[in-house]
Amino acid sequence: MRLLLLGCSGFVGRELVPFLLELGHSIVLVSRQAQPFPHLLGERFAAMQLDPTDATSWQRSELLQALAEAEGVVNLAGEPIAEKRWSASQRQLLLDSRLSTTNALVQAMAGLRLPPAVLVNASAVGYYGTSLEKRFSESSPTGADFLADVCRQWEAAADRAPVGCRVVKLRIGIVLGPDGGALAKMLPVFRACFGGPIGSGRQWMSWIHRHDLCRLIGAALEDGGFSGVYNAVAPEPTTMASFAAALGKALGRPSLLPVPGPILQLLLGDGAQVVLEGQRVVSERLQPQGFSFHYPELNAALVAATSPAPH
């Protein structure tokens, strides 16, 4: 397939782009970076330096042409959730970085005689809010907090894609990989033997190995049976205490000192909610769709995510 990728030059994109090329697809990557993957450049991969959140980018002929030629679009664009304190301006950026890109994308698609056949759009398990007791599946209602509102608006924007375009929304959990995401922040602490559960340890973590997320995006693009919402999480959510113990074991380090919640809140403000509260999310739609995980169990996923060896 000819694919247009947005927001795919970071942690997930580092594995997703080469993975999709291996599957035989051709890719145009839109990124604010000049050349995120110079080693991949070739006749089936091109990068376009544009800001997809900027409306003027969508008036550029080269982007509109790439969209017109695309058979599928992957949109993961959005400011990272837990990188900075949630000031009023950061909250606005978390929302706008998702809505601006998705709104501009679907509007541009609507102007095409033949829009792309499929849009795979990111969302997040934050859609459900947080809870220690509840179990959430794709049919569960949305939560009432800030992140739930962001996800709800993000998904609604994707749903405005033109008739005839198959829309797949992936509510993505905590993505595990060695070179980014939540795990990259934890690894140095654990390798120094200071790692332990963050907060109470009772909060849920719904996770997915990055390789499985890439496989899921590939399947959603290629398999016309995929449509609507899927929780992009492994079958076994875990508590933070169990996650810390498993990570310590994978690294051959004890899981010792817990990280107090107030310290994390001092660093991240409201963004600490993502790891201090969490949610227990499962997918009831992926198995019937025929998708199976390479890393369904946390221990094997953490060994793979903390090892330099390839999959």
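The paragraphs below set out a description of the structure included in this document. Everything numeric here is computed off the predicted structure, so don't read it as measured data.

Things to note about the pattern of salt bridges
Opposite charge on two side chains permits pairing when their charged atoms draw close. Per the counting criterion, the structure on display carries nine salt bridges. When the shortest N-O distance is used, the salt bridge between Arg14 and Asp179 registers 2.9 Å. Of this pair, Arg14 sits in helix H1 (residues 13–22) while Asp179 sits in the loop between strand S8 (174–176) and helix H5 (181–191); the two residues are 165 residues apart in sequence, bridging distant segments of the chain. The class for Arg14 is partly exposed, based on a relative accessible area of 35%. Residue Asp179 is classed as partly exposed on the basis of its relative accessible area, which comes to 34%.

Brief notes about the packing of aromatic side chains
Counted under the stated rule, the structure contains six aromatic pairs. With centroids separated by 5.3 Å and ring planes inclined at 80 degrees, the aromatic side chains of Tyr127 and Tyr128 adopt a geometry described as edge-to-face. When sorted by exposure, Tyr127 lands in the same class as Tyr128, which is buried. Centroid distance Phe226 to Tyr230: 5.0 Å. Interplanar angle 50 degrees. Geometry classified as tilted. The same class applies to Phe226 and to Tyr230, which are both buried. Taking the ring centre of Phe146 as reference, the NZ or CZ of Arg91 above it sits at 4.6 Å. One Lys or Arg, Arg98, reaches over the ring of Trp154 and ends 4.9 Å from the middle of that ring.

As for the sheet that holds strand S5 (residues 118–124)
Taking strand neighbours across the sheet as the criterion, the seven strands line up as S3-S2-S1-S4-S5-S7-S11 in an open arrangement whose pairing is parallel. Every interior strand has two partners, whereas the edge strands, strand S3 (45–49) and strand S11 (228–232), have only one. On average, each strand axis in the sheet is tilted by 20 degrees relative to the strand beside it, whichever way the strands run. Those strands touched by helix H2 (residues 61–69) are strand S1 (2–6), strand S2 (26–31), S3 and strand S4 (72–75), and its axis lies near 130 degrees from that of S1. Seen against the sheet, helix H6 (residues 210–222) touches S1, S4, S5, strand S7 (166–172) and S11 and runs at an angle of roughly 165 degrees to S7.

Observations regarding helix H4 (residues 146–158)
If you check H4, its first and last C-alpha atoms are 19 Å apart, about what 13 residues at 1.5 Å a residue would give, namely 18 Å. Along H4, the positions that sit buried rather than exposed are Phe146, Leu147, Ala148, Val150, Cys151, Trp154, Glu155, Ala157 and Ala158.

About the cut-offs
- Residues numbered from 1 in each chain as written.
- Predicted model: local features only at pLDDT ≥ 70, side-chain atom pairs only at ≥ 80, totals over all residues.
- Heavy atoms only, no water.
- Salt bridge = Lys/Arg side-chain N within 4 Å of Asp/Glu carboxyl O.
- Helix = DSSP H or I, 4+ residues; strand = E, 2+ residues; numbered from the N terminus.
- Buried < 20%, exposed > 50% of the residue type's maximum accessible area, 1.4 Å probe, protein only.
- Phe/Tyr/Trp six-rings, centres within 6.5 Å; stacked < 30°, edge-to-face > 60°.
- Lys NZ or Arg CZ within 6 Å of the ring centre and 35° of its normal.
- Pairing = 2+ DSSP bridges.
- Axes fitted to C-alpha atoms, helices over the stretch in contact; angles between N-to-C directions.
- Contact = heavy atoms within 4.5 Å.
- Expected span 1.5 Å × (residues − 1).

Shape is all these values report; function is a separate question.
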